[in-house]
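Breakdown of the fold
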Amino acid sequence: MRPGPSAPRVLIVDDHQLFRAGVRSELEGLVDIAGDAATVDDAVREIESIRPDVVLLDVHMPEGGGVEVIRRAAAEGDPPRFLALSVSDAAEDVIAVIRAGARGYVTKSISGPELADAVRRVNEGDAVFSPKLAGFVLDAFAGGPPAPAATADHDAELDQLTPREREVLRHLARGYMYKEIALRLGISAKTVEAHVSAVLRKLQLSNRHELSRWAVERRLVE
Amino acid sequence: MEAVTATRQAPVLRRDTNNRVIAGVCSGLARHIGVDPLIVRVAFVAAASAGGIGVAIYLLAWVFVPAGDAPARPVRLRTGRGTVEIALGVALLALSVLLTFRALGLLFSDVIVWPLVLVAAGAALLWRQTFGGGWGGSAARPDAPAAPAHPLSPRPAEVAPRTPADRAALISRAGLGVALVIAAGFVFLSASGALSAARDVVLSVLVVAVVLGVIFAPVVMRLVRSLTEERAERIRSQERAEMAAHLHDSVLQTLALVQQRADDPRAVTALARRQERELRSWLTRRVDAGPLRLGRALEVAASEVERDHGVVVDVVAVGDADLDARGEALVAAAREAMVNAAKFGAGSPVDVYAETSEDELQVYVRDRGPGFDASALPADRRGVRESIVGRMGRHGGRAAIHSGPGAGTEVELTMPRSVS
């Protein structure tokens with residue numbers, strides 16, 4: 001089976017050869033695999049030369065890991081979309097890579113078809129949240145708004161979730177798919193996607209204490 | 001952090017520099033006790049003309065009372081303000097007692113009055129610093145953490161400051177206390193004429209100290225540094241040993257089992273999954289974090305269900321809570337729901353979501369199996385009624401089961417939190 005002409009072109013970045021091969025065979029026929037890379041340097045070079053739509057990015061790699069790839073690709077201008085893929089589900093890993101600019105986060109135990117679906121959604125500009133990530137976000141945004149930000153131009157709205165966004169996240173954390181959430185909340189799947197994208201934006205831009213703390217902890221470790 | 005907004009009855013005592021004549025002490029005090037500044041000023045002038053007490057009090061207040069607007073103090077300064085206020089209060093109290101004695105012609109001369117006042121203030125600072133809330137200070141501390149204090153820890157808040165800023169404030173207050181007591185000693189010595197004799201002694205001691213310091217400083221420095229390095233190295237090697245021991249007990253053990261059971265993919269999957277879960281929790285150090293709390297208890301239940309039924313159970317917990325009898329009933333019911341989901345979910349992964357809010361705990365257990373018509377509970381699932389619905393009901397909670405053919409099954413458990 002060949003992927004259709006509209007299938008996203010994917011670059012696989014992971015320092016484990018076995019895992020790259022595994023993902024390749026899982027995704028074969030579902031998306032267009034344009035190449036793979038084993039190091040941060042290789043990844044940046046490949047992104048530059050083959051210009052993939054979506055980069056499947058391992059979080060833990062030598063020399064800075066996925067966060068470093070995103071940072072350097074963004075510095076080159078016109079970066080592709082990143083979907084982080086990791087064995088880790090520690091908050092600091094997830095939050096760090098999302099705040100660096102990834103559009104989603106899934107764990108390596110995800111099945112082939114689910115991963116292909118996640119790649120397609122990221123390619124279309126949606127955000128992909130695993131139940132674990134949804135849980136972290138709810139945790140980080142729990143309670144009232146944080147103390148007013150130090151910078152005057154900071155948008156306070158970024159530091160809080162709307163009740164609807166919270167509801168969507170709770171369903172994600174309970175393991176529901178977008179379509180099921182739409183059905184249960186009586187809204188369209190597009191609206192669910194819009195809510196999740198809004199949450200992603202807040203996750204990246206908010207300066208809530210928990211988020212920056214998690215992001216910083218990761219940097220200290222590496 | 002609602003405690004930040006908790007208000008005191010009177011405005012915090014601050015020097016009011018906006019309405020000041022000299023340093024804003026009078027208008028600040030007036031605002032603190034809620035009277036017209038003029039009254040306070042007149043009182044001070046009267047006290048100043050009566051033997052200079054007013055001047056002394058004014059100067060003390062100038063030194064100890066910070067300037068500024070009363071509200072919105074940073075939280076970490078609260079204890080500091082309490083300490084300084086108490087020191088000031090003790091000094092004034094001592095002063096008034098001694099002055100009363102002097103006015104009555106009893107015992108005390110000026111030689112002893114001022115040193116005693118300074119000693120009282122300094123001692124008050126130091127005692128309060130060392131013994132934390134001994135004087136009711138921390139009981140009134142509005143931002144004390146709401147978390148249950150360990151019954152064995154005597155003084156929760158002030159003894160162990162958590163941030164460097166707290167520690168700096170603590171040290172500077174202790175330093176102020178020491179300085180006050182030393183100053184008292186000097187005042188006493190100079191007033192009683194013993195200072196010049198003392199000076200000779202102090203000078204020679206000082207010279208000897210400097211000489212010794214110059215000679216031994218490099219040696220001491222090197223000793224301290226090598227001790228620090230040695231300690232760091234010891235910690236590192238201890239950590240290595242601990243990690244090696246752990247890997248040996250767990251990962252290597254599992255790998256050996258995997259090799260033995262290589263012909264049984266189900267068993268291998270279960271072994272790998274259990275090891276993964278165990279290693280993860282070891283890496284994030286949740287295992288040794290004291291008593292079992294809700295999130296961890298659900299993880300344990302999930303891992304048991306995974307082991308017994310060979311189905312993946314993922315737990316996501318938002319917030320966490322200590323477990324009382326109700327919490328334990330909730331975990332037991334959730335475990336039962338996981339077992340059901342594993343048995344009847346046709347091998348689909350089971351999602352467990354727990355949320356802790358102020359007044360209740362909620363757990364959702366969901367599978368993506370064939371589901372069933374909830375209105376006609378199949379005979380083989382009757383156990384659900386007793387072990388889940390009944391158990392929740394007995395502890396004041398609720399259980400709801402949502403299912404439909406082809407839509408999977410979700411068990412929703414809600415337990416109100418005990419009022420503590």
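Residue positions are given per chain, counted from 1 along the sequence in the order it is written. Chain A is the first chain written and ligand 1 is the first ligand written, with later ones labelled in order. Reporting in this predicted model follows two pLDDT cut-offs: at least 70 for local features of residues, and 80 or more for side-chain atom pairs to be given and counted; totals over whole chains, interfaces and linings ignore these cut-offs and use all residues. Each side-chain value is worked out from all heavy atoms of the structure, with water and hydrogens disregarded.

Counting from the N terminus, the helices are DSSP H or I runs at least four residues long and the strands are E runs at least two residues long. Secondary structure assignment for chain B yields 11 helices and five strands. Relative to its full complement of 420 residues, chain B shows a buried share of 31%. Sequence-distant contacts, at least 24 apart, represent 65% of the contacts inside chain B between residues at least 6 apart. Here chain B displays about 24500 Å² of accessible surface, and carbon together with sulfur accounts for 64% of that area. Summary of the burial criterion: residues with accessible area below 20% of their type's maximum are buried, those above 50% are exposed, and those between are partly exposed, where the area comes from a 1.4 Å probe applied to protein chains only. Two residues form a contact once any of their heavy atoms are found within 4.5 Å. Where accessible areas are quoted, they stem from the Shrake-Rupley method and a 1.4 Å probe; at the residue level, only the protein chains shown are allowed to cover.

Once that is clear, we can look at the overall build of chain A. A count of helical and extended segments in chain A gives 10 helices and six strands. For chain A, the proportion of its 222 residues judged to be buried stands at 50%. Nonlocal contacts in chain A, meaning residues at least 24 apart in sequence, comprise 69% of its contacts between residues at least 6 apart. Here chain A displays about 10000 Å² of accessible surface, and carbon together with sulfur accounts for 53% of that area.

With that settled, consider the environment of A:Gln204. Residue and element names in this part refer to chain A. With respect to the secondary-structure elements, Gln204 resides in helix α9 (residues 189–205). When the C-alpha atoms of Gln204 and Leu158 are compared, they prove to be 9.2 Å apart, with 46 residues separating the residues in sequence. In contact with Gln204, other than residues within four places in its own chain, are Ile98, Arg99, Gly101 and Ala102. Within the structure, the side chain of Gln204 is placed 3.1 Å from the backbone oxygen of Ile98, a separation counted as a polar contact. Distance and chemistry together define a polar contact, namely a pair of N or O atoms within 3.5 Å, with one atom able to donate a hydrogen and the other to accept it when in protein, and with adjacent residues in sequence counting only for side-chain atoms on both sides.

Listed as interface residues are 15 residues of chain B and, on the opposing side, 17 residues of chain A. The buried area of a pairing is the accessible area, by a 1.4 Å probe, that goes missing from both parts when the two are put together, added over both. Interface of chain B and chain A: buried area, both sides summed, is about 1400 Å²; carbon and sulfur atoms make up 42% of it. Take a side-chain nitrogen of Lys or Arg and a carboxyl oxygen of Asp or Glu: if they are within 4 Å of each other, that pair is a salt bridge. Taken together, the connections running from chain B to chain A amount to five salt bridges. Put simply, B:Glu355 and A:Arg170 hold a salt bridge, and the shortest N to O gap is 2.6 Å. At the surface where chain B touches chain A, the tally comes to 10 residue pairs in polar contact (both at pLDDT 80 or more). A per-element tally of the side of chain B that touches chain A places strand β1 (residues 313–318) of chain B first, with four residues. Grouping the constituent residues of the side of chain B that touches chain A by class yields six nonpolar, two polar and seven charged. Following the grouping adopted for this structure description, the nonpolar residues are Ala, Val, Leu, Ile, Met, Phe, Trp, Tyr, Cys and Pro, the charged ones are Asp, Glu, Lys and Arg, and the polar ones are all others, Gly among them.

Take the packing of helix α6 (residues 131–140) of chain A against helix α7 (residues 163–173) of chain A next. Residues and elements named next belong to chain A. Contact geometry of α6 with α7 gives a least axis separation of 7 Å together with a crossing angle of 140°. It follows that α6 is oblique to α7 by the angle criterion. Note that α6 runs across α7; the crossing there is left-handed. From α6, Pro131, Ala134, Gly135, Val137 and Leu138 reach across to α7, where they touch Arg166, Leu169, Arg170, Leu172 and Ala173. Along the lines of polarity and charge, the residues of the contact of α6 with α7 split into seven nonpolar, one polar and two charged. Axes here mean lines fitted to C-alpha atoms, for a helix over just the part in contact, with angles spanning 0 to 180 degrees between N-to-C directions. Put simply, angles under 35 degrees are roughly parallel, angles over 145 are roughly antiparallel, angles from 65 to 115 are roughly perpendicular, and the rest are oblique. Each crossing is labelled by how the near helix is turned from the far one, with a counterclockwise turn of less than a right angle marking it left-handed and a clockwise turn marking it right-handed.

Okay, the pairing of strand β2 (residues 350–356) of chain B next. All names here are of chain B. In terms of burial, β2 is largely enclosed, as seven of its seven residues are buried. A two-sided burial pattern is seen for β2, the buried positions comprising Val350, Val352, Ala354 and Thr356 on one face and Asp351, Tyr353 and Glu355 on the other. Note that β1 and β2 share six bridges and pair parallel. Paired with Ala317 across the bridge in β2 is Ala354. When DSSP finds two or more bridges between two strands, those strands count as paired.

Time to look at the confidence of the model for chain B. Residues and elements named next belong to chain B. Each residue carries a pLDDT score, the predictor's own confidence in it, on a scale running from 0 to 100. Taken over all residues, the pLDDT of chain B has a mean of 75, while the share at 70 or more is 76%. Contacts of residues 70–79 to residues separated by more than four positions or lying in other chains number 20 contacts, the stretch itself having pLDDT below 50. The ipTM value of the predicted complex is 0.79, and its pTM value is 0.57.

Attention now goes to the pattern of salt bridges. Between side chains of opposite charge, pairing is possible as soon as their charged atoms come close. Residues and elements named next belong to chain B. Counted by the stated rule, this structure contains 28 salt bridges over all chains. Among the salt bridges present, the one from Arg277 reaches Glu299, with a minimum N-O distance of 2.5 Å. Here the residue Arg277 occupies a position in helix α8 (residues 265–283), and Glu299 occupies one in helix α9 (residues 294–309), the gap between them amounting to 22 residues. Each member of the pair, Arg277 as well as Glu299, is classed as buried. Linked through salt bridges whose partners overlap, the residues forming this network are Arg273, Glu276, Arg277, Glu299, Glu306 and Asp314.

Time to look at the sheet that holds strand β3 (residues 54–58) of chain A. Residues and elements named next belong to chain A. Ordered by their spatial adjacency, six strands build an open sheet running β2-β1-β3-β4-β5-β6, and the pairing between neighbours is parallel. One side of each edge strand has no neighbouring strand; the edge strands of this open sheet are β2 (32–37) and β6 (128–129). Packing against the sheet, helix α3 (residues 65–76) makes contact with β3 and β4 (81–86), and its axis sits at approximately 145° to β3.

Residues and elements named next belong to chain A. Of the positions making up helix α2 (residues 40–50), those classed as buried are Val40, Ala43, Val44, Ile47 and Ile50. The buried residues of α2 occupy an angular sector of 160° when projected down its axis, which confines them to one face. Exposed residues pointing more than 90 degrees away from the buried face of α2 are listed as Arg45 and Ser49. On its buried face, α2 is in contact with β1 (9–13), β2, β3, α3 and β4. Along the arc lie the directions from the helix axis toward the C-beta atoms.

A separate point is the packing of aromatic side chains. When the centres of two rings from Phe, Tyr and Trp lie within 6.5 Å, Trp using its six-membered ring, the rings pair. Their planes under 30 degrees apart give stacked, over 60 give edge-to-face, and anything left gives tilted. Going through the model one piece at a time under the given rule, you end up with one aromatic pair over all chains. For a lysine, the NZ atom is tested; for an arginine, the CZ atom; a charge sits over a ring if that atom is within 6 Å of the ring centre and within 35 degrees of the ring normal. Directly above the aromatic system of A:Tyr178 lies the positively charged group of A:Arg121, at a separation of 4.2 Å from the ring centroid. One Lys or Arg, B:Arg366, reaches over the ring of A:Tyr176 and ends 3.7 Å from the middle of that ring.

All names here are of chain A. Following both chains from N to C, one finds α2 and α3 inclined at 35°, their axes separated by 9 Å at the closest point. Read as a crossing pair, α2 and α3 show a hand that is right-handed. When α2 is examined against α3, the residues Val40, Asp41, Ala43, Val44, Ile47 and Glu48 are found in contact with a partner set consisting of Gly65, Glu68, Val69, Arg72, Ala73 and Glu76. Of the residues contributing to the contact of α2 with α3, the split by class is six nonpolar, one polar and five charged.

The next subject is unusual backbone geometry. Excluding glycine, residues mostly carry a negative phi; peptide bonds, for their part, are mostly trans. Within the chain, A:Arg51 stands out as a residue other than glycine whose phi angle is a positive 45°. Mapped onto the elements of the fold, A:Arg51 is located in the loop between α2 and β3. Backbone geometry places B:Ala346, a non-glycine residue, at a positive phi of 55°. Of note, B:Ala346 is situated in the loop between α10 (325–344) and β2.

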